[in-house]
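Structure assessment
One letter stands for each residue in the lines below.
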Amino acid sequence: MAANIQPIVRLKNVCKSYGDHQILKNINLELEAGKFYTLLGPSGCGKTTILRTIAGFTDVTAGDVEFDGQVVNDLPANQRQVNTVFQDYALFPHLNVAENVAFGLKLNKVPKAEIDKRVAEALAMVQLADFGDREISEISGGQQQRVAIARALVMRPKVLLLDEPLSALDAKLRKDMQYELRELQQSLGITFLFVTHDQEEALAMSDEIFVMREGEILQGGSPVDIYDEPINHFVANFIGESNIIPGKMIQDFEVEFVGKSFECADAGMRPNEAIEVVLRPEDLDIVAAAQGKLVVTVDSQLFRGNYFEIVAYDTDGNEWLVHSTNPADEGEPIGLTFDPQDIHVMRLNETEAAFDARLEKYEDD
Amino acid sequence: MSIRNFKWRNLYLWFVFIVLYAPIIFLIVYSFSKGETMNNFHGFTWAHYQDLFADSRLIAIFLDTLLVALLSSILATIVGTLGALGISQTTRAITKNTLLSLNNILMVSPDVIIGASFLIFFTALKIPLGFGSVLLSHIAFSIPIVVLMVLPKVQEMSRSLLDAAADLGANSWQLLSQVTIPYIMPGILSGFFMALTYSLDDFAVTFFVTGNGFSTLSVEIYSRARQGINLEINALSGLMFLMALILVIGYYFINQYSSRHRHASTRGRRK
């Protein structure tokens, strides 16, 4: 993260607890202008709480929330330069579509003519140009979703917060909305902070993802970084599918697992340190048993449309998940090959800061 | 088989309605009867209605009753709505349950006891009995009704509606006036109409606190009926029945209207 760019929103050592229960543990986070950020984590990990502290619905127990370098801890929600799209949309049932979108503008005493113009623009932006006169109860869930987005965007916020806005939509609509949201964000140049528990959604839409667990940000980075170089077991498991195998770091660029040693691209660890190895199912290629770096026995397979999902076991009893375009024979041994850079080594209990420092050290060499 | 069942069911329904409505219809029919008793129908006349409208005391009482009902239900609606909002905002379960129980006790306790206690209360405080005492007691027994009608709407309202409004720049007053009140309006109207009907037909409580000189319709009818049958009362009953009918129909249409606006925001709610 470049230090010379002033972030729009910064959370500094933010903690939140209810009684003895700690929801957020020392959260540090910076949002730059015009980027799409995602908070990703299982339910109850505190991601919505982060959103609420930025929106001003929840106050922090410790730490600072800053907008443009100003601490806004005590600024109430109605004076903050952010707007929110809620999980349940929170549309006002007593107002129609256009009145819902105009709600915030009316409160801000924007002139009538300008309200009409901006409402029409906002509705056109979410492809609901002709829906202004409809009652909220008359439109579908997907359309309500769009109204909620239009209602927030019409305020021209610097940051748009989205709290699992797609979770109530069906799979097809969700996918369409992912594209639309991404396009909206890029064309408007507004910072989006998107909360979700769906890793596919996060990978598809984000410039940067923060993976959370139990009130902590475990790892932040681009989707590719997080996918290719997960910091620990939890992140590797949560983002995409993975084979996580215990092993040992023999020396720099040499790792041992399933009783064999392999060349790898990782370094900076103690010799013979116990580690975990991540191999993504799509990085494994099936070859004849004799030619494989590893030999595993096929247990079962499922046809997934564009690939076969094969479950196999090695001699140590580790389960291996393999994605292959060709089917395998159940009960038969197969060979697996992979490139050195497909192996990702994770130290046990490494913090994000230590991880980044180690990566920088040996990548500079 | 099903056709036979169907017929029996209909018959039963008609029987129940006839039993329920026969006395009222009987009363109304005799309001058009010539003569002074309800023993026989002596032919059609509007005479009793003419007497009724010539009876300035009765008309004054009718207007007083209406005034008490309107004033008490408006004030009770305001107090009761604020009460419901307050109860819904209590965070501790025990406080909320205590407040609700105190509210419900007033609903279920017999009117006679409430009336008697008001009488004792007013005399102890040396509040003169009359219009004021009747109004106060009507407000008091209407508040719990309003609370009970408004509270479900308040609790049904998603918390995120208020967050959304604040997010869009609403201050506390705007939250109340532009989000909460419109949302719970159907409950407020139901509460108002319930309070209105309770006040209009209350006898027991009013009977204790009217004192001399001031009277409401139900108390007046009671005291006149004790002096002997007067068909003017039948005419009055007929008019009151008509008024109740209009109120019910009005209430029905308001409900119809507000249910068209509902249903939104309940969709797609999770967590």
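Predicted, not measured: the structure shown is a model, and the values here were computed from it. (Residues numbered from 1 in each chain as written. Chains lettered and ligands numbered in written order. Predicted model: local features only at pLDDT ≥ 70, side-chain atom pairs only at ≥ 80, totals over all residues. Heavy atoms only, no water.)

Turning to the interface of chain A and chain B, a few remarks are in order. Each side of the interface is counted separately: chain A has 33 residues, and chain B has 28 residues. Buried surface at the junction of chain A and chain B, both sides included, amounts to about 2600 Å², of which 55% is carbon and sulfur. The largest contributions to the chain A side of the interface with chain B come from A:D88, A:P93 and A:L107, which together make up 22% of the buried area. For B:D163, the salt bridge identified is with A:R52, shortest N-O distance 3.1 Å. For the pair chain A and chain B, the number of links is eight residue pairs in polar contact (both at pLDDT 80 or more). At the level of secondary structure, the elements contributing two or more residues to the side of chain A that touches chain B comprise α1 (47-55), β6 (82-85), α2 (97-107) and α4 (141-153) of chain A. Looking at side-chain class alone, the side of chain A that touches chain B contains 15 nonpolar, 14 polar and four charged residues. (Contact = heavy atoms within 4.5 Å. Buried area = accessible area lost by both parts, 1.4 Å probe. Salt bridge = Lys/Arg side-chain N within 4 Å of Asp/Glu carboxyl O. Polar contact = N/O pair within 3.5 Å; in protein donor to acceptor, adjacent residues only side chain to side chain. Helix = DSSP H or I, 4+ residues; strand = E, 2+ residues; numbered from the N terminus. Nonpolar A, V, L, I, M, F, W, Y, C, P; charged D, E, K, R; others polar.)

So, on to the environment of B:Q174. With respect to the element layout, B:Q174 can be found in helix α8 (residues 172-201). Judged by relative accessible area, which is 14%, B:Q174 ranks as buried. Between the C-alpha atoms of B:Q174 and B:I78, which are 96 residues apart in sequence, the distance is 17 Å. Filtering out sequence-adjacent residues up to four positions away, B:Q174 remains in contact with A:L107, B:G169 and B:V179. (Buried < 20%, exposed > 50% of the residue type's maximum accessible area, 1.4 Å probe, protein only.)

With that out of the way, let us pick up the sheet that holds strand β12 (residues 254-257) of chain A. All names here are of chain A. With antiparallel pairing, the five strands of this open sheet are ordered in space as β13-β12-β11-β14-β20. Each edge of the open sheet carries a strand with a single partner, namely β13 (260-263) and β20 (344-347). Geometrically, the sheet is characterised by an average inter-axis angle of 40 degrees between neighbouring strands, direction not taken into account. The sheet contact formed by strand β14 (residues 273-279) and β20 spans four bridges and is antiparallel. Across the sheet, the residue bridging to V277 is V345, located in β20. (Pairing = 2+ DSSP bridges. Axes fitted to C-alpha atoms, helices over the stretch in contact; angles between N-to-C directions.)

All names here are of chain B. Here the UniProt-annotated "transmembrane region" (unreviewed entry) positions come out as residues 12-32, 58-85, 105-125, 131-151, 180-198 and 235-254. Overall, residues 180-198 shows 100% helix and 0% strand. The separation of its end C-alpha atoms is 26 Å. Taken as a whole, residues 235-254 contains 100% helix and 0% strand, while its terminal C-alpha atoms sit 29 Å from one another. (UniProt positions renumbered as here; feature names shortened; annotations may be inferred.)

Attention now goes to a nonpolar patch on the surface. Residues and elements named next belong to chain B. Together, F53, L239, L242, L245, I246, I249, Y252 and F253 give the surface a local cluster of nonpolar side chains, amounting to about 810 Å² of exposed area. Examining the composition of the nonpolar patch, we find that seven residues originate from one element, helix α11 (residues 231-261), more than from any other. Secondary-structure assignment places Y252 in helix α11. For Y252, a relative accessible area of 47% puts it in the partly exposed group. (Patch = residues over 30% accessible without salt bridge, like charges linked within 9 Å, V, L, I, M, F, W, Y side chains within 5 Å. Areas by Shrake-Rupley, 256 points an atom, 1.4 Å probe, with all protein chains shown as cover.)

Residues and elements named next belong to chain B. A full pass over the atoms with the stated rule returns one cavity of 30 Å³ or more. In this structure, the largest cavity encloses a volume near 30 Å³. Looking at the largest cavity, the residues that line it are T65, V68, H138, S199, L200, D202, T216 and S218. Listed by contribution, the elements that provide at least two residues to the lining of the largest cavity are α3 (56-89) and α8. Of the residues that constitute the lining of the largest cavity, the class distribution is two nonpolar, five polar and one charged. (1 Å grid on protein atoms, 1.4 Å probe; cavity = no way out; pocket = protein on both sides within 12 Å on 5 of 7 lines; lining within 4 Å. Points joined across faces, edges and corners; volume = space filled by probe spheres on them.)

Residue and element names in this part refer to chain B. Its place among the elements puts L162 in helix α7 (residues 159-167). Sequence separation of L162 and L75 is 87 residues, and the distance between their C-alpha atoms is 26 Å. Once you skip the residues sitting within four places of it in the chain, L162 turns out to touch M157, L175, V179 and T180.

Right, let's get into the UniProt feature "domain: ABC transmembrane type-1" (unreviewed entry) in chain B. Here the UniProt-annotated "domain: ABC transmembrane type-1" (unreviewed entry) positions come out as residues 62-251 of chain B. For residues 62-251 of chain B, the end-to-end C-alpha separation is 22 Å, with 84% helix and 0% strand making up the annotated structure.

So, on to the layout of surface pockets. Any empty space left between atoms is shown by rolling a water-sized probe over those atoms. Residues and elements named next belong to chain A. In this structure, the largest pocket occupies an estimated 840 Å³ of space. Lining the largest pocket are 29 residues, with L218, Q219, G220, E352 and D356 sitting closest to its centre. Contributing elements (two or more residues each) for the lining of the largest pocket: β2 (21-31), β9 (208-213), β10 (216-221), α7 (223-228) and α9 (352-364). Each of domain 1 (2-228) and domain 2 (243-364) accounts for three or more of the residues forming the lining of the largest pocket. (Domains from an automatic or database assignment.)

A separate point is the nonpolar core. In this structure, A:I27, A:I50, A:I54 and A:F92 are the most contacted members of the largest nonpolar core, which totals 98 residues. Per element, the largest residue contribution to this core is seven residues, and it comes from helix α6 (residues 131-156) of chain B. When near neighbours in sequence (up to four residues on either side) are disregarded, A:F92 contacts A:N100, A:F103, A:I136, A:R151, B:L161, B:A164, B:A165, B:L168 and B:V179. Counting 26 residues, the second largest nonpolar core, distinct from the first, contains A:C264, A:I275, A:A312 and A:I334. (Core = buried A, V, L, I, M, F, W, Y, C linked by side-chain atoms within 4.5 Å.)

Summed over all chains, the structure comprises 27 aromatic pairs over all chains. Ring geometry for A:Y37 and A:F210: centres 6.0 Å apart, planes at 15 degrees, overall stacked. Of this pair, A:Y37 sits in strand β3 (residues 36-40) while A:F210 is found in strand β9, placing the two residues 173 residues apart along the sequence. Comparing A:Y37 with A:F210, the two get one shared label, buried. Taking 5.3 Å as the distance between ring centres and 85 degrees as the angle between the ring planes, the aromatic pair formed by B:F32 and B:W46 counts as edge-to-face. Here B:F32 is found in the loop between α1 (2-30) and α2 (47-54), whereas its partner B:W46 is found in the loop between α1 and α2, with 14 residues between them in sequence. Through a chain of ring-to-ring contacts, three or more aromatic side chains come together here, namely B:F32, B:F44, B:W46 and B:Y49. For the cation-ring pair, A:K16 lies above A:Y18, with the distance from its terminal atom to the ring centre recorded as 4.8 Å. Just above the ring of A:F92 sits the side chain of A:R151; from NZ or CZ to the centre is 4.8 Å. (Phe/Tyr/Trp six-rings, centres within 6.5 Å; stacked < 30°, edge-to-face > 60°. Lys NZ or Arg CZ within 6 Å of the ring centre and 35° of its normal.)

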